[in-house]
Amino acid sequence: MGMTAGFTTTGTSTTAAESTSTSDGSTSDGSTSTSTSSTGSTTASCPEGSEGCPCLPGDLCDGGLACVAGSCVAGPDTTTGTTGETTDAEPFCGDGLVAADELCWKPSAALGMGSGPSAVLALDLDGDGNDDIINSNSQSNNLTTRLYTGDGSFGALGALIAEMGPAGLVAVDANGDAILDVVAANRASNTASLFVSTGDGKFMPQVSMPTGVQPRALVAGLVDADALPDLLVVNAADKTVTFLKGDGASFGMGAAFAVGTTPNDLAVGDFNGDGNLDVVTANVGASDLSVILGNGQGLFGAPTSVPVGGAPFSVAVGHLNGDASLDLVVSVPAAGQVLVMFGTGFGMFSAGVPYAAGMGPERLVLADLTADGAPDVAVVNRPANQVSVLRGNGKGSFAPAEVFDVGMEPVALAVGDFNGDGAADLVTANSAASTVSVLLSDP
């Protein structure tokens, strides 16, 4: 059984000395208000909501106070009464207030998509400020969309014709109009398809671009020195990464460089501090990662093998322990683990620290899911029809996995904010069910 949606594991509450910005960017002044006794007060000596008076989690205390450990106490940076604002209140799902350490989702809701969903993105496709859903479908050879319509609902299915076996997806502003476009890696066609957004939830017909053999994933970034976004595509069969150079309208074929055996995923970052974008791939056929350093001109050096054991499936990059060096999280399905690997700042990484992450963890993301400023790990558990979330503490450690039920055989996931409440929502692509599962926040 997965964890009941909406369940919150209470973390350490913040102290009154900490500062949280209000929604308009200002900081509350820390003043407290004293209520006089009145009809409806708990007792004449301790009016409901007053400082030092009893309260229950989620109760609203007087201005400048927060309900902490059963009493209304001074919380100089507590903002109450407005859905979507981050507060210093104790985590309590369902009170409408986004508080640090909350992990609150409603039960997952299934939406029919195309056949064999393989990747998913949460993006604002129609410019209304709320994220929408777009996913690739490896069996029906298309991309499908659903726009958020409000009140937890999504609109009718839209479809975009792709090439054979679309797999990975990435969002990128290909043409400089400040609207995100979408690119799909077509595993069976050895191509990538660019879909230029019109900004109203619709897209122009695809533009096909050649890649290596069996592209599985792709990322966008500034690979060379021209300030135009480029693409990097990982190709499983020929053990390469293809550089697709951006020209401000589309992407042209660039150089390809070698990596390890059967690379399945990739991520980018400046691993050695030289200001240039570097690449790491997860190689399922070699039980290692390949780290490839870039020169900032679109060229990359020879790969350095970083052993991890098992068959690493997915990799993500982020700052996990508070230092200046980028770190890695790697999923190892056969071991039921994710590995945390700390960067040295010289293009190398520490040995992996393992964390249990449910059955068969595959695709993962790093994101702050609990509004505490520290990145958390979310990973799909394909055999278990679940998602595992490991809360990060910002110092390099993660809590035991919390699991949430989704649709059949989830193979990818994305984080967004569909309902505009400021709390993280989640969506998974479920290959066996031909659905996506949406987990809307319930702060």
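Since this is a predicted model, take the numbers as computed values, not measurements.

Engineer: Run through the overall build of the protein, naming residues and quoting values.
Structural biologist: A tally of helices and strands in the protein yields 0 helices and 34 strands. For the protein, buried positions account for 52% of its 443 residues. Contacts in the protein between residues at least 24 apart in sequence constitute 42% of all its contacts with a sequence separation of at least 6. In the structure as shown, the protein presents an accessible area of about 17000 Å², 55% of it carried by carbon and sulfur atoms.

Engineer: Describe the state of the cysteines, and please don't skip the residues or the numbers.
Structural biologist: Scanning the model with the defined rule gives 2 disulfides in all. Bridging Cys46 to Cys53, the disulfide has an S-S length of 2.0 Å. With the S-S dihedral at roughly -125°, the linkage between Cys46 and Cys53 falls on the left-handed side. Here Cys46 and Cys53 have matching classes, each one buried.

Engineer: I'd love a proper account of the pattern of salt bridges, names of residues and values included.
Structural biologist: For the structure shown, the criterion picks out 6 salt bridges. Residues Asp226 and Lys245 are paired through a salt bridge, measuring 2.7 Å at the closest nitrogen-oxygen approach. Of this pair, Asp226 sits in the loop between β16 (215-221) and β17 (230-235) while Lys245 is found in strand β18 (residues 240-246), placing the two residues 19 residues apart along the sequence. When its relative accessible area of 35% is taken as the criterion, Lys245 is described as partly exposed. Across the pair Arg391 and Glu402 runs a salt bridge, and its minimum N-O distance is 2.6 Å. Pair noted here: Arg391 is in the loop between β30 (386-390) and β31 (402-405) and Glu402 is in strand β31, with a separation of 11 residues, a long-range link.

Engineer: Break down the confidence of the model for the protein for me, citing the residues and quoting the values.
Structural biologist: On average, the protein scores 87 in pLDDT, and the residues at 70 or more come to 84%. Confidence over residues 1-44 falls short of pLDDT 50; this stretch has 78 contacts with residues more than four positions distant or in other chains.

Engineer: Give a description of the pairing of strand β14 (residues 191-195) that names residues and reports values.
Structural biologist: Taken across its 5 residues, β14 has 5 buried, putting it largely inside the fold. Side chains of β14 alternate between two faces, with Thr191, Ser193 and Phe195 and Ala192 and Leu194 buried alike. Direction of pairing for strand β13 (residues 181-186) relative to β14: antiparallel, over a ladder of 5 bridges. Bridge pairing in β14 places Asn186 opposite Thr191. Two strands pair when backbone bridges link them, and β14 and strand β15 (residues 207-210) are joined in this way by 4 bridges, in the antiparallel orientation. Counterpart to Leu194 in the pairing with β15 is Val207.

Engineer: Got a sec to walk through the sheet that holds strand β32 (residues 410-416)? Specific residues and values, please.
Structural biologist: Overall, antiparallel pairing links the 4 strands, which are arranged β5-β34-β33-β32 in an open sheet. Both edges of this open sheet fall to β5 (109-112) and β32, since each of them pairs with a single strand only. Neighbour-to-neighbour, the strand axes of this sheet turn through a mean angle of 25°, independent of strand direction.

Engineer: I'd like a description of the packing of aromatic side chains, backed by residues and values.
Structural biologist: Under the criterion given, the structure shown has 6 aromatic pairs. Their ring planes at 80° and their centres at 5.3 Å tell us that Phe271 and Phe349 sit as a pair that is edge-to-face. Note that Phe271 is positioned in the loop between β20 (263-269) and β21 (278-283) and Phe349 in the loop between β26 (337-341) and β27 (353-356), a separation of 78 residues in sequence. Through successive ring pairs, a cluster of aromatic residues spans Tyr148, Phe154 and Phe418.

Engineer: Describe the environment of Gly285, and please don't skip the residues or the numbers.
Structural biologist: Along the chain, Gly285 turns up in the loop between β21 and β22 (288-292). For the pair Gly285 and Gly260, spaced 25 residues apart in sequence, the C-alpha to C-alpha distance is 7.8 Å. Ignoring any residue separated from it by four or fewer positions in sequence, one finds Gly285 in contact with Thr261 and Thr262.

Engineer: Describe in detail unusual backbone geometry, supporting the description with residues and values.
Structural biologist: Look at Gln214: it is not a glycine, yet its phi comes out positive at around 60°. You can see Gln214 is positioned in the loop between β15 and β16. A positive phi angle, close to 55°, is found at Asn385, a residue other than glycine. By secondary structure assignment, the location of Asn385 is in the loop between β29 (376-381) and β30. A relative accessible area of 27% places Asn385 in the partly exposed class.

Engineer: Break down the environment of Pro166 for me, citing the residues and quoting the values.
Structural biologist: Following the sequence through the fold, Pro166 ends up in strand β12 (residues 166-172). In this structure Pro166 comes out as buried when scored by relative accessible area, which is 0%.

Engineer: Account for the pairing of β20, with residues named and values stated.
Structural biologist: For β20, the buried fraction is high: 6 of the 7 residues fall into the buried class. Pairing analysis gives 6 bridges linking β20 to β21, with the strands arranged antiparallel. Following the sheet pairing, Ala267 is matched in β21 by Val280.

Engineer: Describe the sheet that holds β12, naming the residues involved and giving the relevant values.
Structural biologist: The strands making up a sheet are joined through hydrogen bonds of the backbone, oriented either antiparallel or parallel. As summarised here, the arrangement of the 4 strands in space is β12-β13-β14-β15, forming an open sheet in which the pairing is antiparallel. Both outer strands of the open sheet, β12 and β15, are each paired with one neighbouring strand and no more. Neighbour-to-neighbour, the strand axes of this sheet turn through a mean angle of 25°, independent of strand direction.

Procedures and definitions
Residues numbered from 1 in each chain as written. Predicted model: local features only at pLDDT ≥ 70, side-chain atom pairs only at ≥ 80, totals over all residues. Heavy atoms only, no water. Helix = DSSP H or I, 4+ residues; strand = E, 2+ residues; numbered from the N terminus. Buried < 20%, exposed > 50% of the residue type's maximum accessible area, 1.4 Å probe, protein only. Contact = heavy atoms within 4.5 Å. Areas by Shrake-Rupley, 256 points an atom, 1.4 Å probe, with all protein chains shown as cover. Disulfide = S-S within 2.5 Å. Salt bridge = Lys/Arg side-chain N within 4 Å of Asp/Glu carboxyl O. pLDDT = per-residue confidence, 0-100. Pairing = 2+ DSSP bridges. Axes fitted to C-alpha atoms, helices over the stretch in contact; angles between N-to-C directions. Phe/Tyr/Trp six-rings, centres within 6.5 Å; stacked < 30°, edge-to-face > 60°.

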